[in-house]
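What the coordinates show
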Amino acid sequence: MDDVKLQEAKELNIGQEIVSSASKDNMPVPDAFTPKEQLFDRLIEIIRQYHPSTDISLIEKAYHVADEKHNGQLRKSGEPYISHPLCVAIILAELELDKESIIAGILHDIIEDTDYTYEDVAREFGAEIADLVDGVTKLTQLNYSKDKVELQAENLRKMFLAMAKDIRVILIKLADRLHNMRTMEYQTPAKQIEKSRETMDIYAPLAQRLGISKVKIELDDLSLMYLEPDVYKKLNEEIAFQKDERDAFIKDRVKEVSKAVADAGIDAKIDGRVKHLFSIYKKMKNQNKTIDQIYDLFAVRIIVDTVKDCYAALGVMHEMYKPIPGRFKDYIAMPKANMYQSLHTTLIGPEGQPFEIQIRTFEMHRTAEYGIAAHWKYKEGQDGKNTQESEAAKYAWLRQILEWQTDMSDNKEFLGVIKNDFNLFSESVYCFTPSGDVKTLPAGSNPIDFAYSIHSAVGNKMVGARVNGKLVDINYEIQNGDRVEIITSQNSRGPSRDWINIVKSAQAKSKINQWFKTELKEDNIVKGKDMLTAYCKAKGIVISDITKPELVNIVLTKYGFKDWDSLCAAVGHGGLKEGQIIGKLQDELRKKNEREITDEQILANMEAKAATGKPAKNLKSKGGILVNGLEDVSVRFSKCCSPVPGDEIVGFVTRGRGVSIHRTDCVNVINLTETERHRLIDADWSVDASSQSGHLYTTEIRIFGNNRNGLLVDVTRVFTEEQIEMTSVSARNNKQGIATIDVVFEIKGKNQLGSLMSKIRNIVGIIDIERTTG
């Protein structure tokens, strides 16, 4: 246990270190335990620096309401909870957002965590602010009965729909996540890793897509610190090494550049810096280089008044220093998808040390720092809705995601596509259409990706491509500056299945998959029926016996299909396995063929007991179970949820097999149809159920943890120390490094189970533990 505490202490120290490091070049971070009055004063001070209105009465009102409603609530750190919404509001103010967003930031947890309702917010602060608070609240109200992948995908769907309705919802959510990451040092190591992975997979890319570099940079570095603490610490040390020399180098370059630009008659603001840690780490990982081999470790930024001055300053720099070939990028002529514009060039300094120059206008700099948040700054007489609509129109990627939501019913497929599209480690390539329009694609993309980026119809009818006027293979890797022309034909039969394996963009993969699902549905129906028939033939199953309407309808309902053809199409496409469908049909036939007489007798007995008007007699049965009003009936424990003494339970009258005992939260009980619910019967544990000499109950838990050497050994050691016998153990690991361990074992009751799970949670790397619920 001392080792665990030592590890947590180390995490805490590193966490405090990252807060100052990640933030020093961006937004200053309030100290922990800053009094709420000081936080509010700071918020008002920031707002008055950019907002033309002096009326802060509504902001004060929101503060007092939130302070009153959150009174008595504490954060993990022990701080009063009001500090969190105030810090979120400060972040929004530092992004210079409108008053409505700041008030919603102060109130963003009030509906979820207090008795204050949407109607209360709307009445006191107006419908616009109420909708913003409600939008943020809904992003956190999740269905925890689903598995983690389904859960995350469902949350993402809510998030993107909320963004489409009002982009400010996600700006508030980003501020909320940023402050939570700043205070992550107070969470357990498992929670730190879980939230940091989610931040790097989803929130940091979102900030990047929205162009908010001030937030994106800090989220990057905070996530890196918790996910790769050794890498983060080493990078910090390497950058800190010879710090005086590095500072002197940057100071000298800024001084030289300032003089040269001034001599050329260009008014400019010039500063220099060492790039942030995640940017350096990303280049090292992608290019497989050491820190000494990274060219643009240092950057000098030149900010001027006009685009003409940008190119003039570039000429001065190329005349003054030697540029490195192939290291010039013109994002002014070819802006990034998030509206970022700047000139980038890498030069060799007088001592032979490479450094990067970034040249942009003041307006471009504002967009680079604040992204879409820059367009929500208060403007006199401006309609916020018009601002929202005009700015949202610039985010084609958001429209694409909303289209994917419509196309994909499978949450896991949707989550995979999003994570692939959001990958922070991916690079981009910029190319042109024949008419000169710029297209941004993932590095390694080919003409197929290009075709689907124009329109799905172009990709579906593609038969070839020309790059820079020459015919190329469809797997040609597009380079920066290529001019790509797609050759189409109305006689094309559509995309090839092989294309899915060679395209790089999530958009192309989604569109190709969609084509096969829709265009080839008839073929997939025939193929699926053939596969089901062949499977039955190979297994000696008479298919007509298991495809009777009453059986088919049950299976259609289970898998969510409207008719048999749709299910067959899914089998033909590869979405479902034929053995999976046949197995379920056989199960339903077996249930149907079981003796109904026992079932009828039991139900009749229950009705007869009720008709007498006498209280039902509780009879003790197997395993200390009291079954309400039934005599001479067999009782068995269900394997789907494995109840143990202490669990709330219910009996279910089966067809021919007596009464099965389930936990009340068992998925199979919750999902019973109305016609089946009359079979439920009261059941309870006897007083001495958990203390019966030698009687043990089988149950199962699933453990999630960050994969490492010795994790399984540490888990099994807890069982040994608790003298609990395991009957089955299985473990697997996914591509994200998350280990899943399933353990079946015998136990006396819920108290012993709770003690066991508590000790497993203390193992380093454990993320979560759950019991099977059906």
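Everything discussed here concerns the structure shown above.
Residues numbered from 1 in each chain as written. Predicted model: local features only at pLDDT ≥ 70, side-chain atom pairs only at ≥ 80, totals over all residues. Heavy atoms only, no water.

This paragraph deals with unusual backbone geometry. Even without being a glycine, Glu-96 presents a positive backbone phi close to 60 degrees. Summarising the element assignment, Glu-96 is placed in the loop between helix H4 (83-94) and helix H5 (99-106). Not every positive phi belongs to a glycine, and Ser-642 is a case in point at roughly 45 degrees. Relative to the assigned elements, Ser-642 resides in the loop between strand E13 (635-637) and strand E14 (649-653). Residue Ser-642 is classed as buried on the basis of its relative accessible area of 8%. (Helix = DSSP H or I, 4+ residues; strand = E, 2+ residues; numbered from the N terminus. Buried < 20%, exposed > 50% of the residue type's maximum accessible area, 1.4 Å probe, protein only.)

Here helix H3 (residues 57-69) crosses H5 at 10 degrees, and the two axes come no closer than 9 Å. Between H3 and H5, the angle falls in the class roughly parallel. From H3, Leu-58, Ile-59, Ala-62, Tyr-63 and Ala-66 reach across to H5, where they touch Lys-99, Ile-103 and Ile-106. Across the contact of H3 with H5, the residue classes break down as 7 nonpolar, no polar and 1 charged. (Axes fitted to C-alpha atoms, helices over the stretch in contact; angles between N-to-C directions. Parallel < 35°, antiparallel > 145°, perpendicular 65-115°, else oblique. Contact = heavy atoms within 4.5 Å. Nonpolar A, V, L, I, M, F, W, Y, C, P; charged D, E, K, R; others polar.)

Inspection of the entire model under this criterion finds 30 salt bridges. Residues Asp-587 and Arg-590 are paired through a salt bridge, measuring 2.8 Å at the closest nitrogen-oxygen approach. With Asp-587 and Arg-590 both in helix H29 (residues 578-593) and 3 residues apart, the pair spans about one turn of that helix. Judged by its relative accessible area of 32%, Asp-587 falls in the partly exposed class. Ionic contacts of the salt-bridge type, sharing partners, join the residues Lys-61, Asp-120, Arg-123 and Glu-124 into one network. (Salt bridge = Lys/Arg side-chain N within 4 Å of Asp/Glu carboxyl O.)

With that out of the way, let us pick up the environment of Met-531. By the secondary structure assignment, Met-531 is in helix H25 (residues 521-539). We classify Met-531 as partly exposed; its relative accessible area is 24%. Along the chain, Met-531 and Lys-577 lie 46 residues apart, while their C-alpha atoms are 9.2 Å from each other. Beyond its immediate sequence surroundings of up to four residues, Met-531 is in contact with Val-571, Gly-572 and Glu-578.

Turning our attention to the sheet that holds strand E17 (residues 697-706). Sheet architecture is open: 4 strands sit in the order E18-E19-E17-E20, paired in antiparallel fashion. Of all strands in the sheet, those bounded by a partner on one side alone are strand E18 (726-733) and strand E20 (766-771). For this sheet, the mean angle separating the axes of adjacent strands, direction not counted, is 15 degrees. Helix H32 (residues 711-721) contacts E17, E18, strand E19 (738-747) and E20 of the sheet and is inclined by roughly 20 degrees relative to E19. The strands touched by helix H33 (residues 750-761) within the sheet are E17, E19 and E20, with E20 carrying the most contacts at an inclination of about 160 degrees. (Pairing = 2+ DSSP bridges.)

Moving on, we get to the packing of aromatic side chains. Tallied over the entire structure, the rule returns 9 aromatic pairs. Relative to Tyr-63, the ring of Phe-40 lies with its centre 4.4 Å away and its plane at 15 degrees, an arrangement referred to as stacked. Within this pair, whereas Phe-40 is found in helix H2 (residues 36-50), its partner Tyr-63 is found in helix H3, the two being separated by 23 residues in sequence. Of the two residues examined, Phe-40 and Tyr-63, each falls in the buried class. Taking the ring centre of Phe-125 as reference, the NZ or CZ of Lys-61 above it sits at 5.4 Å. (Phe/Tyr/Trp six-rings, centres within 6.5 Å; stacked < 30°, edge-to-face > 60°. Lys NZ or Arg CZ within 6 Å of the ring centre and 35° of its normal.)

Within a regular beta strand, the side chains point alternately toward one face of the sheet and then the other, so they alternate between its two faces. Here E19 lies mainly inside the structure; 8 of its 10 residues are buried. By the bridge criterion, 10 bridges tie E17 to E19 in an arrangement that is antiparallel. Each residue of the ladder has a partner; that of Ile-703, found in E19, is Ile-741. Bridging between E18 and E19 involves 7 bridges; their strand directions are antiparallel. Across the sheet, the residue bridging to Asn-733 is Ala-739, located in E19. Between E18 and E19, which follow one another and run antiparallel, lie 4 residues, and Gly-737 among them has a positive phi close to 80 degrees.

Spatially, E9-E8-E10 is the arrangement adopted by the 3 strands of the open sheet, whose pairing is antiparallel. Each having just a single partner strand, strand E9 (470-472) and strand E10 (484-488) make up the two edges of the open sheet. On average, each strand axis in the sheet is tilted by 35 degrees relative to the strand beside it, whichever way the strands run. Judged from the 5 bridges that link them, strand E8 (residues 462-467) and E10 form a sheet pairing that is antiparallel. The residue of E10 that forms the bridge with Ala-465 is Ile-486.

Quick look at the state of the cysteines now. Taken as a whole, this structure holds 0 disulfides when the rule is applied. The thiol of Cys-640 is not disulfide-bonded; the next cysteine sulfur, from Cys-666, is found 3.5 Å away. (Disulfide = S-S within 2.5 Å.)

Formed by 101 residues in total, the largest nonpolar core has its most connected members in Leu-43, Leu-107, Val-121 and Met-317. Not counting chain neighbours up to four residues away, the residues in contact with Val-121 comprise Leu-107, Ile-110, Ile-111, Tyr-116, Gly-126, Ile-129, Ala-130 and Val-133. Counting 32 residues, the second largest nonpolar core, distinct from the first, contains Ile-649, Val-653, Ile-661 and Ile-681. (Core = buried A, V, L, I, M, F, W, Y, C linked by side-chain atoms within 4.5 Å.)

Relative orientation of the contacting elements helix H12 (residues 213-227) and helix H13 (residues 229-240) amounts to 120 degrees, with a least axis distance of 5 Å. Of the possible angle classes, the one that applies to H12 and H13 is oblique. On H13, the residues touching Asp-221, Leu-224, Met-225, Tyr-226 and Leu-227 of H12 are Pro-229, Tyr-232 and Leu-235. Classifying every residue of the contact of H12 with H13 gives 7 nonpolar, no polar and 1 charged.

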